[in-house]
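Notes for the structure review
Residue strings, one per chain:
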Amino acid sequence: MKKLLDTTPASAGVAHFSAAEEGFADAVVAWQKRHGRHALPWQNTRDPYRIWLSEIMLQQTQVATAIPYYQRFLQRFPDVAALAAAAPEEVMAHWSGLGYYSRARNLHRCAQRVVAEYGGRFPVDPGLLAELPGIGRSTAAAIAAFSSGARAAILDGNVKRVFCRVFGIDGFPGERRVEEALWLRAERLLPAAGMEAYTQGLMDLGATICTRSRPSCPQCPLAPRCVALAQDRVADLPARKPKKTVPERHASMLVLSHGDEVLLEQRPDSGIWGGLLSLPELGADAGEADVVALASRFGEAGDSERLSRFTHVFTHFKLHVAPWRMRLRGRAGLASDGAHVWYPVARLEDAPLPAPVKKLLLAAFRSGDLLG
């Protein structure tokens, strides 16, 4: 079987095309114009703010999930100046439920820098874009390509999968050696024109055709040149990340209420759920005495009760939470450090809370069990 993968590195200024690479960009562009996605809310615009917002949301989120968040975000923050001027907690509230909350913090910081350093206009140069918080090389290239037609290579997870299959690239794409080789190829394959269609085409192929499971190879324009398809290795490429034991953590949380308010705690900017409000936490093996001791800091303790445990899976670990609840008989004042706040139950739906915590609270208060 003829080997289609050319492992010879490209010399400076010279493109070394293998059989699989020849005509690759043209095939992607032609397919995108006929079969790609053209009606997503952030398409058909040159507005870098809207393009940037969509790219950040799509870094760890599927399109169908991102669309309603994107639309609500634009309603509240229609331009970069509005986002830069917003309070951090309001930005987090509009992001709540999307996960990977460092994206929201970086989004806010990036908007503030664009306003302060560039007068509210995003730079065109991908290199300058990549220096802004939360953007990075691939996202910067996408923003520049879609907003100004800049000739810059993207290499997100979808594109890595397409490259690994079409060119028969072994090794985990997150490994530095493999990723560097993929970047070289991504740069080498850039077309001289049609960057918007080419960039969108790569994204669309990875998201709708060359999917991780059940790829639609008969509909793929790259099938005639695909090494993985020719060698019956589609299911094996790209190589999966080496498995590691997933750490497990345990914590207890306290749902402490008084009247029609619940006590929430401001989490630090770094770490899980950074910058969000959440419930006060106790040790992993907290008992009733620990619950009473914590509750007594905020008023006259009442009866405590265990709630159903739940598990939330993060990228790098599992968190097992044992919730407790208590209604205070009387309420004391809060410390002036701003670490805690009595939050109206009626506003929980829009509160900047982690998704599992919001789900717990909404279910409990809707039942009426925690009021009183």
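Predicted model, so just to flag it, every value in this text is computed and none were measured.

Examining the state of the cysteines
All chains considered together, the criterion is met by zero disulfides. Unpaired in terms of disulfides, Cys210 finds its nearest cysteine sulfur in Cys220, a separation of 6.1 Å.

Brief notes about the packing of helix α8 (residues 136-148) against helix α11 (residues 195-209)
Remark: α8 packs on α11, axes separated minimally by 8 Å, with the N-to-C direction vectors making an angle of 135°. One finds that α8 runs oblique with respect to α11. Seen from above, α8 lies across α11 with left-handed handedness. On the side of α8, the interface is formed by Ala142, Ala145 and Phe146, while α11 contributes Met195, Glu196, Thr199, Gln200 and Met203. For the contact of α8 with α11, the residue count by class is five nonpolar, two polar and one charged.

Here's the deal with the confidence of the model for the protein chain
Chain-level statistics for the protein chain give a pLDDT mean of 90 and a share of 94% at 70 or above. The weakest mean pLDDT in the protein chain belongs to helix α14 (residues 355-366) at 87; the strongest belongs to helix α4 (residues 80-85) at 98. Within the model, pLDDT remains below 50 along residues 1-15, and this stretch shows 22 contacts once partners closer than five positions in the same chain are excluded.

Considering the pairing of strand β1 (residues 248-258)
Taken residue by residue, a regular strand's side chains alternate between the two faces of the sheet. As paired strands, β1 and strand β8 (residues 318-327) are joined by ten bridges and run parallel to one another. Opposite Glu248, over in β8, you have Lys318 as the bridge partner. Across two bridges, β1 lies against strand β4 (residues 281-282) in antiparallel orientation. By the bridge assignment for β4, Ser252 is matched with Leu282. Two elements, β1 and strand β2 (residues 261-266), share two bridges in a ladder whose sense is antiparallel.

Focus: helix α6 (residues 102-118)
Three- or four-residue spacings in an α-helix give side chains the same orientation, since the helix completes a turn every 3.6 residues. Across its 17 residues, α6 extends 23 Å between first and last C-alpha, which sits within 8% of the 24 Å expected from 1.5 Å per residue. Of the residues trailing α6, Gly119 is marked for its positive phi of about 65°.

Remarks on the packing of helix α5 (residues 88-95) against α6
Running from amino to carboxyl end, α5 crosses α6 at an angle of 135°, the nearest separation of the two axes being 10 Å. Accordingly, the angle class assigned to the pair α5 and α6 is oblique. By crossing handedness, the relation of α5 to α6 is classed as right-handed. On α6, the residues that touch Pro88, Val91, Met92 and Trp95 of α5 are Arg103, Ala104, Arg105, Leu107 and His108. Taken together, the residues of the contact of α5 with α6 sort by class into six nonpolar, one polar and two charged.

Section: unusual backbone geometry
Going from Leu237 to Pro238, the amide bond is cis rather than trans, its omega being -5°. Of note, the phi angle at Tyr100 is positive, near 45°, even though the residue is not glycine. Note on placement: Tyr100 falls in the loop between α5 and α6. In this structure Tyr100 comes out as partly exposed when scored by relative accessible area, which is 40%. We note that Arg214 has phi near 50°; this positive angle belongs to a residue other than glycine. Among the secondary structure elements, Arg214 is positioned in the loop between α11 and α12 (227-230). Classification of Arg214 as exposed rests on a relative accessible area of 80%.

Here's the deal with the environment of Ala192
Considering the arrangement of structural elements, one finds Ala192 in the loop between α10 (176-188) and α11. The sequence separation of Ala192 and Trp52 amounts to 140 residues, and the corresponding C-alpha distance is 24 Å.

A closer look at the pairing of strand β7 (residues 310-313)
Examined bridge by bridge, β7 and β8 share four bridges and lie antiparallel to one another. When the bridges of β8 are listed, His312 appears paired with Leu319. Taking the residues between adjacent antiparallel strands as the criterion, β7 and β8 are bridged by four residues.

Quick notes on the pattern of salt bridges
Applying the stated rule across the entire model yields 16 salt bridges. Note that Glu21 and Arg188 form a salt bridge whose closest N and O atoms lie 2.7 Å from each other. Here Glu21, found in the segment before α1 (24-35), pairs with Arg188, found in helix α10; they are 167 residues apart in sequence, far enough to count as distant. Here the two residues Glu21 and Arg188 agree in accessibility, since each one is buried. Notably, a salt bridge pairs Glu187 with Arg137, separated by 3.1 Å at the nearest N-O pair.

A closer look at the packing of aromatic side chains
Per the counting criterion, the structure on display carries ten aromatic pairs. With 5.1 Å between their ring centres and 50° between their planes, Trp52 and Phe122 make a pair best called tilted. Remark: Phe122 occurs in the loop between α6 and α7 (126-130) and Trp52 occurs in helix α2 (residues 48-57); sequence separation between them is 70 residues. According to the relative accessible area criterion, Trp52 is buried, its value standing at 0%. Members of the aromatic cluster, each reached through a chain of ring pairs, are Phe24, Phe163 and Phe167. Sitting over the ring of Trp183, Arg137 keeps its end group 3.6 Å from the ring centre. Sitting over the face of the ring of Phe167, Arg185 holds its NZ or CZ atom 4.3 Å from the ring centroid.

Definitions and limits used
- Residues numbered from 1 in each chain as written.
- Predicted model: local features only at pLDDT ≥ 70, side-chain atom pairs only at ≥ 80, totals over all residues.
- Heavy atoms only, no water.
- Disulfide = S-S within 2.5 Å.
- Axes fitted to C-alpha atoms, helices over the stretch in contact; angles between N-to-C directions.
- Helix = DSSP H or I, 4+ residues; strand = E, 2+ residues; numbered from the N terminus.
- Parallel < 35°, antiparallel > 145°, perpendicular 65-115°, else oblique.
- Left-handed = near helix turned anticlockwise from the far one by under 90°.
- Contact = heavy atoms within 4.5 Å.
- Nonpolar A, V, L, I, M, F, W, Y, C, P; charged D, E, K, R; others polar.
- pLDDT = per-residue confidence, 0-100.
- Pairing = 2+ DSSP bridges.
- Expected span 1.5 Å × (residues − 1).
- Buried < 20%, exposed > 50% of the residue type's maximum accessible area, 1.4 Å probe, protein only.
- Salt bridge = Lys/Arg side-chain N within 4 Å of Asp/Glu carboxyl O.
- Phe/Tyr/Trp six-rings, centres within 6.5 Å; stacked < 30°, edge-to-face > 60°.
- Lys NZ or Arg CZ within 6 Å of the ring centre and 35° of its normal.

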